[in-house]
Amino acid sequence: MTRKTEALLWVDIETTGTDPRHDLMLEIGLRCTSMDAKTEYARYESIIKPGVLPTDQSFAYAHRMHEANGLINEVIDASPELCSTERVALAVIDFTQSMAKTRVLHPAGTNMMGFDLPFLEHYLFAEDQWGRFHKLLSYRALDMTAIRLTQTALGADPYEHYTQTEPHRVTDCLDTDISEYIEWLDLVKCAAPTPQ
């Protein structure tokens, strides 16, 4: 039996808030890359159209951000059929299954274990779907937050280049995570002792 290749499954979502029990998903992005993230195998991105956008105060910050980056308009204009939670959930499972056929998928991203994956579990997937999806993932994960906290501990400010005006769409967030991960790997490689 051929051994599967190790790979990273980068995950990012955009939402109306931070609580998967009450808030909604508006967009999802997945990218499957090599372990050094320099080779992209495939990607999936989609708008998710909720039945009704919230109007309460808790959505105010996210609404301003997503109105400025164009996501709100895309959600409003999206097809209720093609971008329904049910349709997107099936597409996410199909994409992940296709990647998992020949790869061990390690989830990767920023806070994905405490934010993105709980939203997939509680909001996007039906209970039986979450189990199917979760079984496709390795129990080992790469969280960019740990890398950034390590940089902070070493006296750097990994957040200094972030601004309130950044687009904050899944494409931009995944681009940032992947490029910072590649830079971090290069730094580690340079600092590593030369084998004798």
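Predicted model only: the values in this text are computed from it and were never measured.

What counts and how
One numbering rule holds for all chains: residues counted from 1, following each sequence as written. Per-residue local features of the predicted model are confined to residues with pLDDT of at least 70, and side-chain atom pairs are confined, for both listing and counting, to 80 or more; whole-chain, interface and lining totals are unaffected and use all residues. For side-chain calculations, the full set of non-hydrogen atoms in the structure is used, while hydrogens and water are omitted. Each nonpolar core is a collection of buried residues, namely Ala, Val, Leu, Ile, Met, Phe, Trp, Tyr and Cys, held together in the definition by side-chain atoms within 4.5 Å. When a residue's accessible area, from a 1.4 Å probe over protein chains only, is under 20% of the maximum for its type it is buried; when over 50% it is exposed; and in between it is partly exposed. Only runs of H or I of at least four residues qualify as helices and only runs of E of at least two qualify as strands under DSSP, and these elements are numbered from the N terminus. Residues are treated as being in contact if the distance between any of their heavy atoms lies within 4.5 Å. A pair of strands counts as paired when DSSP detects no fewer than two bridges linking them. Axes here mean lines fitted to C-alpha atoms, for a helix over just the part in contact, with angles spanning 0 to 180 degrees between N-to-C directions. The working definition used for a salt bridge is a side-chain nitrogen of Lys or Arg within 4 Å of a carboxyl oxygen of Asp or Glu.

Structural notes on the nonpolar core
Here is step 1: With 29 residues, the main nonpolar core has M25, I28, V92, L120, L124, F125 and F133 as its most contacted residues.
Here is step 2: Where this core is concerned, the elements lending two or more residues are β1 (5-15), β2 (25-33), β3 (40-47), α3 (85-100), α4 (112-124) and α5 (127-134).
Here is step 3: The biggest single contributor to this core is α3, with seven residues.
Here is step 4: What I28 contacts, discounting residues up to four positions off in sequence, is D12, I13, Y44, E45, S46, I48, V88, V92, L120, L124 and V170.
Here is step 5: Of all hydrophobic cores here, the second largest spans 11 residues; its members include L8, A37, L142 and L174.

Remarks on the sheet that holds β2
Here is step 1: Taken in spatial order, the five strands make up an open sheet running β3-β2-β1-β4-β5, and their pairing is mixed. Unpaired on one side and paired on the other, β3 and β5 (142-143) mark the two borders of the sheet.
Here is step 2: Here helix α7 (residues 170-191) sits on the sheet in contact with β1, β2, β3, β4 (103-109) and β5, set at roughly 140° to β1.

Brief notes about the environment of K135
Here is step 1: Along the polypeptide, K135 turns up in the loop between α5 and β5.
Here is step 2: For K135, a relative accessible area of 76% puts it in the exposed group.
Here is step 3: Here the alpha-carbon distance between K135 and Q97, two residues 38 residues apart in the chain, equals 9.8 Å.

Thoughts on the pattern of salt bridges
Here is step 1: A complete count under the given rule lists 10 salt bridges for this structure.
Here is step 2: The closest approach of N and O atoms between K38 and D186, which form a salt bridge, is 3.8 Å. In this pair, K38 is assigned in the loop between β2 and β3 and D186 in helix α7, connecting sequence segments 148 residues apart.
Here is step 3: The class of K38 is exposed, set by a relative accessible area of 54%.
Here is step 4: Here D186 falls in the partly exposed class, since its relative accessible area comes to 35%.
Here is step 5: The shortest N-O distance in the salt bridge between R148 and E180 comes to 2.9 Å. Of the two residues, R148 is situated in helix α6 (residues 144-153) and E180 in helix α7; the sequence distance between them amounts to 32 residues.
Here is step 6: Take E180: its relative accessible area is 12%, and that puts it in the buried class.
Here is step 7: Residues joined by salt bridges that share partners form a network here, namely E27, E74 and R169.

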